[in-house]
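A closer look at the structure
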Amino acid sequence: MGKLSVAALRAVLVVVLAGTVFVQAGMVWALAGGNDPEDGSLPLTPLRVVTILGMVSVQVAVVCVWRLVAMVRRGTVFSHAAFRYVNGVIGAIVAAALAWFTVTALNAPGQRDDPGVTVIMGGIGLAILGVALIVLVLRMLLAQAVARDVEAARMQAELDEVI
């Protein structure tokens, strides 16, 4: 991984992390102020809580990706330590999907006249879960690479003994 791509990825991760903290602060401020609209068309308090929790899942994913990028730069990504961070990314994506499904469920009663919105939102939730499955497949590939790396190191050690 080149220095430019690492720097660009880290810049994006910093912006995403700062953005999620900003959104969380806004949601906490809105919760503390209790300024819900009078018409009660949307349950804003639960939506704000779900938003805060959803931002936590994004932050967990950002931190895990940051750690994985650091491991790539050090050349230690093909180790068992990387699984902790990949599992963290998978868990964060699943948590984000659950938060999205919660938002969909909270929004659904207001969409009785147009249920297509709820169906589309449900489809987006399934797509988020699909991303988790893709990362799970990538985790399996990492497991194979780690196993081959361990086997190669063992074989190299045996070869070194013979020579």
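Each remark here, short or long, concerns the structure printed above.
Below: a short report on this structure. Throughout, residues of each chain are indexed from 1 in the direction in which the sequence is written. Where totals are concerned, whole chains, interfaces and linings use all residues; where local detail is concerned, this predicted model gives features only for residues with pLDDT of at least 70, and gives and counts side-chain atom pairs only at 80 or more. Computation of side-chain values covers all heavy atoms of the structure but excludes hydrogens and water.

**Observations concerning the nonpolar core**
As used here, the term nonpolar core means buried Ala, Val, Leu, Ile, Met, Phe, Trp, Tyr and Cys residues forming a set that is joined through side-chain atoms within 4.5 Å. To sort residues, take the accessible area from a 1.4 Å probe on protein chains only and compare it with the maximum for the residue type: under 20% means buried, over 50% means exposed, and anything in between is partly exposed. In terms of nonpolar packing, the biggest core is built from 15 residues, with L68, M71, A82, V86, V135 and L142 touching the most fellow members. Per-element tally for this core: the top contributor is helix α3 (residues 81-107), with seven residues. If sequence neighbours within four positions are ignored, V135 has contacts with V86, V89, I90 and I93. L44, A99, V103 and M121 belong to the second-largest nonpolar core, a separate cluster that totals six residues. Working definition: helices are DSSP H or I runs of at least four residues, strands are E runs of at least two. Numbering for both runs from the N terminus. Note on contacts: a residue pair qualifies if any of its non-hydrogen atoms lie within 4.5 Å across the two residues.

**Considering a nonpolar patch on the surface**
Like charges are joined within 9 Å and nonpolar side chains (Val, Leu, Ile, Met, Phe, Trp, Tyr) within 5 Å, but only among residues with over 30% relative accessible area and no salt bridge; these make up the patches. Under the convention used here, a 1.4 Å probe and the Shrake-Rupley method define accessible areas, while residue burial counts only the protein chains that appear. Salt bridge, as used here, is a side-chain nitrogen of Lys or Arg placed within 4 Å of a carboxyl oxygen of Asp or Glu. A grouping of I134, V137, L138 and L141 is seen on the molecular surface, where their side chains present a nonpolar patch of about 380 Å² in accessible area. You can see V137 is positioned in helix α4 (residues 116-162).

**Things to note about helix α2 (residues 44-74)**
Multiply 1.5 Å by the residue count of a helix minus one, and that product is the helix's expected span. A rise of 1.5 Å per residue sets the reference length of α2, with its 31 residues, at 45 Å; its end C-alpha atoms lie 45 Å apart and thus fit the reference within 8%. G75 occupies a position one or two residues after α2 and carries a positive phi of about 80°.

**Here's the deal with the packing of α2 against α3**
The N-to-C vectors of α2 and α3 enclose an angle of 160°; their axes lie 8 Å apart at closest approach. Our classification of the angle between α2 and α3 gives roughly antiparallel. The way α2 lies across α3 gives a crossing that is left-handed. Class assignment for the residues of the contact of α2 with α3 results in 20 nonpolar, four polar and one charged. A fitted line through C-alpha atoms serves as each axis, taken over the contacting stretch for helices, and the angle formed by two N-to-C directions is quoted from 0 to 180°. Here roughly perpendicular refers to angles of 65 to 115 degrees, roughly parallel to angles under 35, roughly antiparallel to angles over 145, and oblique to all remaining angles. Should the near helix be turned anticlockwise from the far one by less than a right angle, the crossing is left-handed, and should it be turned clockwise, the crossing is right-handed. Gly is placed with the polar residues, together with every amino acid not listed as nonpolar (Ala, Val, Leu, Ile, Met, Phe, Trp, Tyr, Cys and Pro) or charged (Asp, Glu, Lys and Arg).

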